[in-house]
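If you want the building blocks of each chain, they are given just below.
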Amino acid sequence: MSMIRDLRAAVRPSRVSLRKDSGAYDTTRDPATASAVVDCAVYRDGARVETDAPLTPHTAMRQVRRDGGFVWIGLHEPTEDEFAGIAREFGLHPLAVEDAVQAHQRPKLERYDDSLFTVFKTVHYVDHAELTANSEVVETGEVMCFTGRDFFITVRHGGQGSLRALRHRLQADPELLLKGPSAVLHAIADHVVDGYIAVADAVQDDIDEVETEVFSPGRKGTPRGTDASRIYQLKREVLEFKRAVAPLLRPMLLLSERPMRLIDPEIQKYFRDVADHVARVQEQVIGFDELLNSILQANLAQASVAQNEDMRKITSWAAIIAVPTMVCGVYGMNFDYMPETHWKFGYPLVLSITVGICLGIHRTLKRNGWL
């Protein structure tokens, strides 16, 4: 049972915020690597078989067929020609090979005669000093996994989501590697979903920041609102996050519930834990989308209220100005017989009445909240 207890520790390093440089997303293809093959190794009896010279997929598979164990090949953005030889060597299905080379696939699980083809979307939180209308919040990549009886092949797309650290952690746990390729598949699934959890926490901080700005008081204690384009941008990024998370739930449930001859029974039960975490993140992302809808509606309502207040103020001042305008218009008609035109106190009287009416209107509008 020690293997079971150590499973989480082997595949789940201590989580740190993605706002800090944790090294979890530290790679594109190694500049010293001339081909798409990032690493190729044979694992036997829970340990990596050391060789004098780097293995090729062909020589690694020959060793496995002769002495047992399994081979783990990691590739980064292979071309069709680079992947063709590996596909022939391991008998991979042409449809799965096409998906692995072209990328831009949704998360899924497909079963072929002698292998499983699994697609994961990796998600990386992009640090930014300030959220703007053009900020990129999440960056996605892909990891395709071919799981066979004696081989495991990973194909990565995108500049983040390295599996190098994960490989080292697995190599430090021989008891886990004894379970074969299915243990590696679980480790990758758990690694990817742990990334979702960290990204969800970071996105939550961005949403809280926008929500605070929308509802924080501005002048006279009223909410000041924010730029709606920032909310739209955050909604687009959340939608991209949702496309990575939501389709993965069913594959994880299938791996946890349906017996499969390529998945070790002791490992299979732990896919249920991964599925639970996917469901949790999916609920969070759906909640993010609904919350952003509410924030956007509130922001638009505040903009509408602000416009109405401005119109009320303009209307109020127009009503006040209308009084002297009318009086001046009447007394500017140059008739000889007009009330009080030849009286010494006529001008002060009319002016006083005009000012009094304006002050009365101003006081009434002020009391009613129009000014």
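Parameters at a glance
Residues numbered from 1 in each chain as written. Predicted model: local features only at pLDDT ≥ 70, side-chain atom pairs only at ≥ 80, totals over all residues. Heavy atoms only, no water. UniProt positions renumbered as here; feature names shortened; annotations may be inferred. Helix = DSSP H or I, 4+ residues; strand = E, 2+ residues; numbered from the N terminus. Buried < 20%, exposed > 50% of the residue type's maximum accessible area, 1.4 Å probe, protein only. Contact = heavy atoms within 4.5 Å. Pairing = 2+ DSSP bridges. Salt bridge = Lys/Arg side-chain N within 4 Å of Asp/Glu carboxyl O. Axes fitted to C-alpha atoms, helices over the stretch in contact; angles between N-to-C directions. Parallel < 35°, antiparallel > 145°, perpendicular 65-115°, else oblique. Left-handed = near helix turned anticlockwise from the far one by under 90°. Nonpolar A, V, L, I, M, F, W, Y, C, P; charged D, E, K, R; others polar. Patch = residues over 30% accessible without salt bridge, like charges linked within 9 Å, V, L, I, M, F, W, Y side chains within 5 Å. Areas by Shrake-Rupley, 256 points an atom, 1.4 Å probe, with all protein chains shown as cover. Lys, Arg positive; Asp, Glu negative; His and termini not counted. Charge placed at Lys NZ, Arg CZ, Asp CG, Glu CD.

The next point concerns the UniProt feature "transmembrane region" (unreviewed entry) in the chain. Taken from the UniProt record, the annotation "transmembrane region" (unreviewed entry) applies to residues 314-333 and 345-365. The straight-line gap between the two end C-alpha atoms of residues 314-333 is 28 Å; of that span, 90% is helix and 0% is strand. For the annotated span residues 345-365, helix accounts for 95% and strand for 0% of the residues, and the straight-line distance between the end C-alpha atoms is 30 Å.

Within the element layout of this structure, His191 appears in helix α7 (residues 181-215). His191 gets classed as buried once you look at its relative accessible area, which sits at 19%. Contacts of His191, omitting those with residues within four sequence positions, involve Ser162, Leu163, Leu166 and Arg169.

Among the eleven residues of strand β5 (residues 115-125), eleven are classified as buried, and the element is accordingly described as predominantly covered. The alternating pattern of β5 places Ser115, Phe117, Val119, Lys121, Val123 and Tyr125 on one face and Leu116, Thr118, Phe120, Thr122 and His124 on the opposite face, and all of these are buried. In the sheet, strand β4 (residues 108-111) pairs with β5 via four bridges, with the strands oriented antiparallel. Bridge pairing links Glu110 to Phe117 in β5. Here β4 folds back onto β5, and the loop between the two strands holds three residues. Two strands pair when backbone bridges link them, and β5 and strand β6 (residues 138-148) are joined in this way by eleven bridges, in the antiparallel orientation. Paired with Thr118 across the bridge in β6 is Cys145.

It is worth spelling out the pattern of salt bridges at this point. Under the defined criterion, the tally for this structure stands at 14 salt bridges. Close ionic contact of Glu89 with Arg65 constitutes a salt bridge, the shortest N to O distance being 3.3 Å. Linking Glu89 in helix α3 (residues 80-90) with Arg65 in helix α2 (residues 57-67), this pair joins segments that are 24 residues apart in sequence. A relative accessible area of 54% places Arg65 in the exposed class. The partner of Asp99 in a salt bridge is Lys108, and the shortest N-O contact between them spans 2.8 Å. The residues Asp99 and Lys108 share a single accessibility class, namely buried.

The subject of this paragraph is the packing of helix α5 (residues 164-171) against α7. Between α5 and α7, the least distance of the axes is 11 Å, while the angle of their chain directions is 135°. When the axes of α5 and α7 are compared, the pair comes out oblique. Crossing of α5 against α7: the hand is right-handed. Residue-level contacts link Leu166, Arg169 and Leu170 of α5 to Val184, Ala187, Ile188 and His191 of α7. Grouping the amino acids of the contact of α5 with α7 by side-chain chemistry returns five nonpolar, one polar and one charged.

Before going further, it helps to spend a moment on a nonpolar patch on the surface. A contiguous nonpolar surface patch, about 470 Å² in accessible area, is contributed by Trp343, Phe345, Leu349, Ile353 and Ile357. By secondary structure assignment, the location of Phe345 is in the loop between α10 (265-331) and α11 (346-367). On the basis of relative accessibility, which here comes to 45%, the residue Phe345 falls in the partly exposed class.

Looking along a regular strand, one sees the side chains alternate between the two faces of the sheet. In terms of strand pairing, strand β1 (residues 37-44) meets strand β3 (residues 70-76) through six bridges, oriented antiparallel. Paired with Tyr43 across the bridge in β3 is Phe70. In this structure, β1 lies alongside strand β2 (residues 47-48), joined through two bridges in antiparallel fashion. Paired with Tyr43 across the two strands is Arg48, which belongs to β2. Hairpin connection from β1 to β2: two residues lie between these consecutive antiparallel strands, with Asp45 at a positive phi of about 55°.

In this section: unusual backbone geometry. One non-glycine residue, Asp45, lies in the positive phi region at around 55°. Mapping Asp45 onto the fold places it in the loop between β1 and β2. Located in the positive-phi region is Glu77, a residue other than glycine, with phi close to 50°. Among the structural elements, Glu77 can be located in the loop between β3 and α3. Residue Glu77 is classed as partly exposed on the basis of its relative accessible area of 37%.

Together, Glu80, Asp81, Glu82 and Glu98 give the surface a local cluster of negative charge. Here the negative patch takes three residues from α3, the largest share from any one element. Mapping Glu80 onto the fold places it in helix α3.

Taking strand neighbours across the sheet as the criterion, the seven strands line up as β2-β1-β3-β7-β6-β5-β4 in an open arrangement whose pairing is mixed. A strand with exactly one partner marks an edge of an open sheet, and here the two such strands are β2 and β4. Note: β6 against strand β7 (residues 151-157), six bridges, orientation antiparallel. Bridging from a neighbouring strand, Cys145 pairs with Thr154 of β7. Against the sheet, α3 makes contact with β1, β3, β6 and β7, and its axis sits at roughly 155° relative to β7, the strand it touches most. Strand contacts of α5: β1, β2 and β3, with the helix running at about 10° to β1, the strand carrying the most contacts.

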